[in-house]
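Report on the structure
Single-letter residue listing:
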Amino acid sequence: MKALRAFWFRPEMRRKMKFQREADPEWAQQVAQRPGCEGLFSCLQCGTCSGTCPLSIYMDFAPRRIIGLVREGFREDALGCQTIWLCASCYACAVHCPRQIRITDVMYSLKREALQYKLYPRRFPIPVLAQEFYGIVSDRGRSSEFWLVLRMALHSNPLQLLTLIGTGWRLFRTGRLSLHKEQIEHVKELQAELAGRRGT
Ligand code: SF4
Ligand code: SF4
(Lines give C-alpha, C1' and ligand atoms only; values in the text may rest on other atoms or scores of the structure.)
(Ligands and ions follow the chains in the order given, each with its own letter.)
Protein backbone atom coordinates (compact mmCIF):
# COMPACT_ATOMS: atom_id res chain seq x y z
CA MET A 1 0.00 0.00 0.00
CA LYS A 2 2.82 2.34 0.92
CA ALA A 3 4.59 1.58 -2.36
CA LEU A 4 1.37 2.10 -4.33
CA ARG A 5 0.77 5.45 -2.65
CA ALA A 6 4.35 6.48 -3.33
CA PHE A 7 3.88 5.57 -6.98
CA TRP A 8 0.63 7.53 -7.46
CA PHE A 9 1.53 10.54 -5.37
CA ARG A 10 5.17 10.79 -6.25
CA PRO A 11 5.79 14.53 -6.59
CA GLU A 12 7.27 15.49 -9.93
CA MET A 13 10.54 17.31 -9.42
CA ARG A 14 11.59 19.60 -12.20
CA ARG A 15 14.65 21.74 -12.33
CA LYS A 16 13.69 25.31 -13.17
CA MET A 17 17.15 26.70 -13.79
CA LYS A 18 18.44 26.40 -17.34
CA PHE A 19 21.98 25.83 -18.48
CA GLN A 20 23.27 27.41 -21.64
CA ARG A 21 24.47 24.03 -22.90
CA GLU A 22 20.81 22.91 -23.06
CA ALA A 23 19.99 25.60 -25.60
CA ASP A 24 19.79 24.93 -29.32
CA PRO A 25 20.91 28.09 -31.14
CA GLU A 26 20.40 26.43 -34.53
CA TRP A 27 16.73 25.96 -33.79
CA ALA A 28 16.49 29.67 -32.89
CA GLN A 29 17.99 30.52 -36.28
CA GLN A 30 15.49 28.23 -38.01
CA VAL A 31 12.55 29.88 -36.25
CA ALA A 32 13.83 33.33 -37.19
CA GLN A 33 13.69 32.34 -40.86
CA ARG A 34 10.02 31.40 -40.79
CA PRO A 35 7.47 33.85 -42.20
CA GLY A 36 6.47 36.35 -39.51
CA CYS A 37 9.33 35.45 -37.17
CA GLU A 38 12.08 37.39 -38.92
CA GLY A 39 12.44 40.15 -36.32
CA LEU A 40 13.12 37.86 -33.38
CA PHE A 41 16.74 38.81 -32.87
CA SER A 42 16.01 42.53 -32.74
CA CYS A 43 13.98 42.15 -29.52
CA LEU A 44 15.00 44.66 -26.84
CA GLN A 45 13.41 42.64 -24.03
CA CYS A 46 11.59 45.86 -23.10
CA GLY A 47 8.51 43.98 -21.88
CA THR A 48 5.97 46.15 -23.72
CA CYS A 49 4.39 43.02 -25.18
CA SER A 50 3.95 41.43 -21.75
CA GLY A 51 2.51 44.65 -20.34
CA THR A 52 0.08 44.95 -23.25
CA CYS A 53 -1.05 41.34 -23.42
CA PRO A 54 -4.47 40.94 -21.74
CA LEU A 55 -3.75 37.29 -21.01
CA SER A 56 -0.19 37.47 -19.72
CA ILE A 57 -1.39 37.12 -16.11
CA TYR A 58 -2.52 33.58 -16.96
CA MET A 59 0.55 32.58 -18.93
CA ASP A 60 3.43 30.51 -17.63
CA PHE A 61 5.83 32.67 -19.68
CA ALA A 62 4.73 36.18 -20.65
CA PRO A 63 5.29 37.10 -24.33
CA ARG A 64 8.63 38.84 -23.62
CA ARG A 65 9.93 35.63 -22.06
CA ILE A 66 8.68 33.54 -24.97
CA ILE A 67 10.65 35.71 -27.38
CA GLY A 68 13.67 35.41 -25.06
CA LEU A 69 13.37 31.62 -24.84
CA VAL A 70 13.10 31.23 -28.60
CA ARG A 71 15.97 33.61 -29.26
CA GLU A 72 18.23 31.66 -26.89
CA GLY A 73 17.14 28.32 -28.35
CA PHE A 74 15.26 26.79 -25.41
CA ARG A 75 13.03 24.79 -27.70
CA GLU A 76 11.49 22.41 -25.17
CA ASP A 77 10.34 25.22 -22.89
CA ALA A 78 8.98 27.34 -25.71
CA LEU A 79 7.07 24.47 -27.33
CA GLY A 80 5.92 22.80 -24.12
CA CYS A 81 4.47 25.86 -22.41
CA GLN A 82 0.81 26.83 -22.04
CA THR A 83 1.40 30.42 -23.17
CA ILE A 84 1.29 29.75 -26.89
CA TRP A 85 -2.12 28.09 -26.46
CA LEU A 86 -3.51 30.88 -24.30
CA CYS A 87 -2.60 33.53 -26.86
CA ALA A 88 -5.89 34.88 -28.22
CA SER A 89 -4.32 36.35 -31.40
CA CYS A 90 -5.50 39.85 -30.51
CA TYR A 91 -2.27 41.35 -31.97
CA ALA A 92 -2.04 44.00 -29.20
CA CYS A 93 1.57 42.98 -28.48
CA ALA A 94 2.59 43.19 -32.13
CA VAL A 95 0.96 46.62 -32.56
CA HIS A 96 2.89 48.09 -29.63
CA CYS A 97 6.24 46.39 -30.10
CA PRO A 98 8.87 49.09 -30.73
CA ARG A 99 10.71 46.67 -33.04
CA GLN A 100 7.62 45.62 -34.99
CA ILE A 101 8.17 42.00 -34.05
CA ARG A 102 5.16 39.94 -35.09
CA ILE A 103 4.82 38.15 -31.77
CA THR A 104 1.45 36.64 -32.68
CA ASP A 105 2.98 35.00 -35.75
CA VAL A 106 5.80 33.64 -33.59
CA MET A 107 3.15 32.11 -31.34
CA TYR A 108 1.46 30.49 -34.36
CA SER A 109 4.73 29.12 -35.60
CA LEU A 110 5.47 27.59 -32.19
CA LYS A 111 1.99 26.08 -32.03
CA ARG A 112 2.42 24.39 -35.38
CA GLU A 113 5.75 22.91 -34.35
CA ALA A 114 4.42 21.82 -30.95
CA LEU A 115 1.58 19.97 -32.70
CA GLN A 116 3.87 18.44 -35.29
CA TYR A 117 6.22 16.99 -32.65
CA LYS A 118 3.54 16.48 -29.98
CA LEU A 119 5.41 18.67 -27.52
CA TYR A 120 2.39 20.54 -26.16
CA PRO A 121 1.49 20.13 -22.46
CA ARG A 122 -0.13 16.75 -21.89
CA ARG A 123 -3.88 16.82 -21.40
CA PHE A 124 -4.02 20.58 -21.96
CA PRO A 125 -7.36 20.98 -23.78
CA ILE A 126 -6.57 23.79 -26.25
CA PRO A 127 -4.06 21.94 -28.48
CA VAL A 128 -6.32 18.88 -28.34
CA LEU A 129 -9.28 21.04 -29.40
CA ALA A 130 -7.26 22.52 -32.29
CA GLN A 131 -6.34 19.07 -33.57
CA GLU A 132 -9.80 17.62 -33.19
CA PHE A 133 -11.35 20.64 -34.90
CA TYR A 134 -8.98 20.25 -37.83
CA GLY A 135 -9.67 16.50 -37.95
CA ILE A 136 -13.46 16.94 -38.06
CA VAL A 137 -13.40 19.81 -40.57
CA SER A 138 -10.96 18.07 -42.90
CA ASP A 139 -13.11 14.93 -42.71
CA ARG A 140 -16.49 16.48 -43.39
CA GLY A 141 -16.01 20.17 -44.18
CA ARG A 142 -18.04 21.22 -41.16
CA SER A 143 -17.58 21.11 -37.43
CA SER A 144 -20.17 19.46 -35.16
CA GLU A 145 -20.12 20.89 -31.66
CA PHE A 146 -21.23 17.72 -29.93
CA TRP A 147 -18.57 15.53 -31.51
CA LEU A 148 -15.91 18.18 -31.14
CA VAL A 149 -16.46 18.62 -27.41
CA LEU A 150 -16.74 14.85 -26.92
CA ARG A 151 -13.48 14.14 -28.73
CA MET A 152 -11.68 16.97 -26.95
CA ALA A 153 -12.78 15.73 -23.54
CA LEU A 154 -11.94 12.10 -24.31
CA HIS A 155 -8.44 13.05 -25.42
CA SER A 156 -7.71 15.52 -22.65
CA ASN A 157 -9.78 14.98 -19.52
CA PRO A 158 -12.68 12.49 -19.81
CA LEU A 159 -13.87 13.34 -16.29
CA GLN A 160 -14.74 16.79 -17.60
CA LEU A 161 -17.68 15.18 -19.38
CA LEU A 162 -19.40 14.66 -16.04
CA THR A 163 -19.55 18.42 -15.53
CA LEU A 164 -20.98 18.94 -19.01
CA ILE A 165 -23.79 16.39 -18.93
CA GLY A 166 -26.40 18.78 -17.45
CA THR A 167 -25.72 21.61 -19.89
CA GLY A 168 -25.48 19.18 -22.81
CA TRP A 169 -28.82 17.62 -22.00
CA ARG A 170 -30.57 21.01 -21.73
CA LEU A 171 -29.10 22.10 -25.08
CA PHE A 172 -30.12 18.79 -26.62
CA ARG A 173 -33.69 19.03 -25.33
CA THR A 174 -34.14 22.53 -26.74
CA GLY A 175 -32.73 21.51 -30.11
CA ARG A 176 -29.53 23.54 -29.81
CA LEU A 177 -27.23 20.54 -29.80
CA SER A 178 -27.41 17.84 -32.39
CA LEU A 179 -25.76 14.46 -32.73
CA HIS A 180 -26.02 14.79 -36.48
CA LYS A 181 -22.70 15.07 -38.33
CA GLU A 182 -23.01 17.62 -41.10
CA GLN A 183 -21.03 17.30 -44.28
CA ILE A 184 -20.49 19.67 -47.19
CA GLU A 185 -20.90 18.70 -50.81
CA HIS A 186 -17.69 17.95 -52.70
CA VAL A 187 -15.83 17.10 -49.51
CA LYS A 188 -13.23 15.21 -51.55
CA GLU A 189 -12.16 18.47 -53.18
CA LEU A 190 -11.63 20.04 -49.78
CA GLN A 191 -9.58 17.05 -48.65
CA ALA A 192 -7.43 17.21 -51.79
CA GLU A 193 -6.85 20.93 -51.21
CA LEU A 194 -5.86 20.37 -47.58
CA ALA A 195 -3.59 17.49 -48.53
CA GLY A 196 -1.92 19.74 -51.10
CA ARG A 197 -1.35 22.44 -48.51
CA ARG A 198 0.12 19.94 -46.04
CA GLY A 199 2.55 18.89 -48.73
CA THR A 200 3.79 22.46 -49.35
S1 SF4 B 1 7.67 44.52 -27.14
FE2 SF4 B 1 8.94 43.78 -28.82
S3 SF4 B 1 11.01 44.47 -28.32
FE4 SF4 B 1 9.79 44.61 -26.45
S5 SF4 B 1 10.11 42.62 -25.38
FE6 SF4 B 1 8.27 42.41 -26.63
S7 SF4 B 1 9.02 41.55 -28.57
FE8 SF4 B 1 10.79 42.39 -27.52
S1 SF4 C 1 -1.59 38.34 -29.61
FE2 SF4 C 1 -1.43 36.82 -27.98
S3 SF4 C 1 0.50 37.31 -26.94
FE4 SF4 C 1 -0.06 39.09 -28.16
S5 SF4 C 1 -1.20 40.43 -26.77
FE6 SF4 C 1 -2.71 39.17 -27.84
S7 SF4 C 1 -3.04 37.39 -26.50
FE8 SF4 C 1 -1.14 38.39 -25.84
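These figures come from a predicted structure and were not determined experimentally. (Residues numbered from 1 in each chain as written. Chains lettered and ligands numbered in written order. Predicted model: local features only at pLDDT ≥ 70, side-chain atom pairs only at ≥ 80, totals over all residues.)

**Thoughts on the overall build of the protein**
Of regular secondary structure, the protein possesses twelve helices and zero strands. For the protein, the sequential pattern of α-helices and β-strands runs α-α-α-α-α-α-α-α-α-α-α-α. Overall, the protein is about 55 × 55 × 30 Å in size when its C-alpha atoms are taken along their principal axes. Relative to its full complement of 200 residues, the protein shows a buried share of 21%. (Helix = DSSP H or I, 4+ residues; strand = E, 2+ residues; numbered from the N terminus. Buried ≥ 20, exposed ≤ 12 C-beta atoms within 10 Å, placed from the backbone.)

**Brief notes about the site of ligand 2**
Taken together, the neighbourhood of ligand 2 is formed by 14 residues, with Cys53, Cys87, Cys90, Ala92 and Cys93 sitting nearest. Breaking the shell around ligand 2 down by element, the ones donating at least two residues are helix H7 (92-96) and helix H8 (103-116). Looking at the shell around ligand 2, the element that brings in the most residues is H8, giving three residues. Here the residues of the shell around ligand 2 are counted per class, giving eleven nonpolar, three polar and no charged. (Near = placed C-beta within 6 Å. Nonpolar A, V, L, I, M, F, W, Y, C, P; charged D, E, K, R; others polar.)

**Some details on the site of ligand 1**
Near ligand 1, the surroundings consist of 15 residues, among which Cys43, Cys46, Thr48, Cys49 and Cys97 are the closest. Listing elements by their share of the shell around ligand 1, those giving two or more residues are helix H3 (48-52) and helix H4 (63-72). The biggest single contributor to the shell around ligand 1 is H4, with three residues. Here the residues of the shell around ligand 1 sort into ten nonpolar, three polar and two charged.

**Overview of unusual backbone geometry**
The phi angle of most residues is negative, glycine excepted, and most peptide bonds adopt the trans form. A positive phi angle, close to 70 degrees, is found at Tyr91, a residue other than glycine. With respect to the helices and strands, the residue Tyr91 is situated in the loop between helix H6 (83-86) and H7. Its identity as a non-glycine residue notwithstanding, Lys118 has a phi of 50 degrees, on the positive side.

**Quick notes on the environment of Ala114**
Tracing the backbone through its elements, the reader meets Ala114 in helix H8. Residues Ala114 and Arg170 lie 56 residues apart in sequence; the distance between their C-alpha atoms is 36 Å. Filtering out sequence-adjacent residues up to four positions away, Ala114 remains in contact with Leu79, Ile84, Leu119, Tyr120 and Pro127. (Contact = placed C-beta atoms within 7 Å.)

**Structural notes on the domain arrangement of the protein**
Under the domain assignment used here, the protein contains domain 1 (21-116) and domain 2 (125-199). The distance between the C-alpha centroids of domain 1 and domain 2 comes to 29 Å. (Domains from an automatic or database assignment.)

**Structural notes on the packing of helix H9 (residues 125-140) against helix H10 (residues 145-156)**
For the pair H9 and H10, the least separation of the axes is 9 Å and the interaxial angle reads 135 degrees. As judged from the angle between their axes, H9 and H10 are oblique. Between H9 and H10 lies a crossing of right-handed hand. Residues Pro125, Val128, Leu129, Glu132, Phe133 and Ile136 of H9 lie in contact with H10, whose contacting residues are Trp147, Leu148, Arg151, Met152, His155 and Ser156. Along the lines of polarity and charge, the residues of the contact of H9 with H10 split into eight nonpolar, two polar and two charged. (Axes fitted to C-alpha atoms, helices over the stretch in contact; angles between N-to-C directions. Parallel < 35°, antiparallel > 145°, perpendicular 65-115°, else oblique. Left-handed = near helix turned anticlockwise from the far one by under 90°.)

**Re the nonpolar core**
With 28 residues, the main nonpolar core has Val70, Ala78, Ile103 and Val106 as its most contacted residues. Elements that contribute at least two residues to this core include exactly helix H2 (25-32), H4, helix H5 (75-80), H6, H7 and H8. Sort the elements by how many residues they give to this core and H8 lands first, with five residues. When neighbours within four sequence positions are excluded, Ala78 is seen to be in contact with Ile66, Leu69, Val70 and Leu110. (Core = buried A, V, L, I, M, F, W, Y, C linked by C-beta atoms within 7 Å.)

**Some thoughts on the environment of Cys43**
Relative to the helices and strands, Cys43 resides in the loop between H2 and H3. Between the alpha carbons of Cys43 and Glu145 there is a distance of 40 Å; along the sequence they are 102 residues apart.

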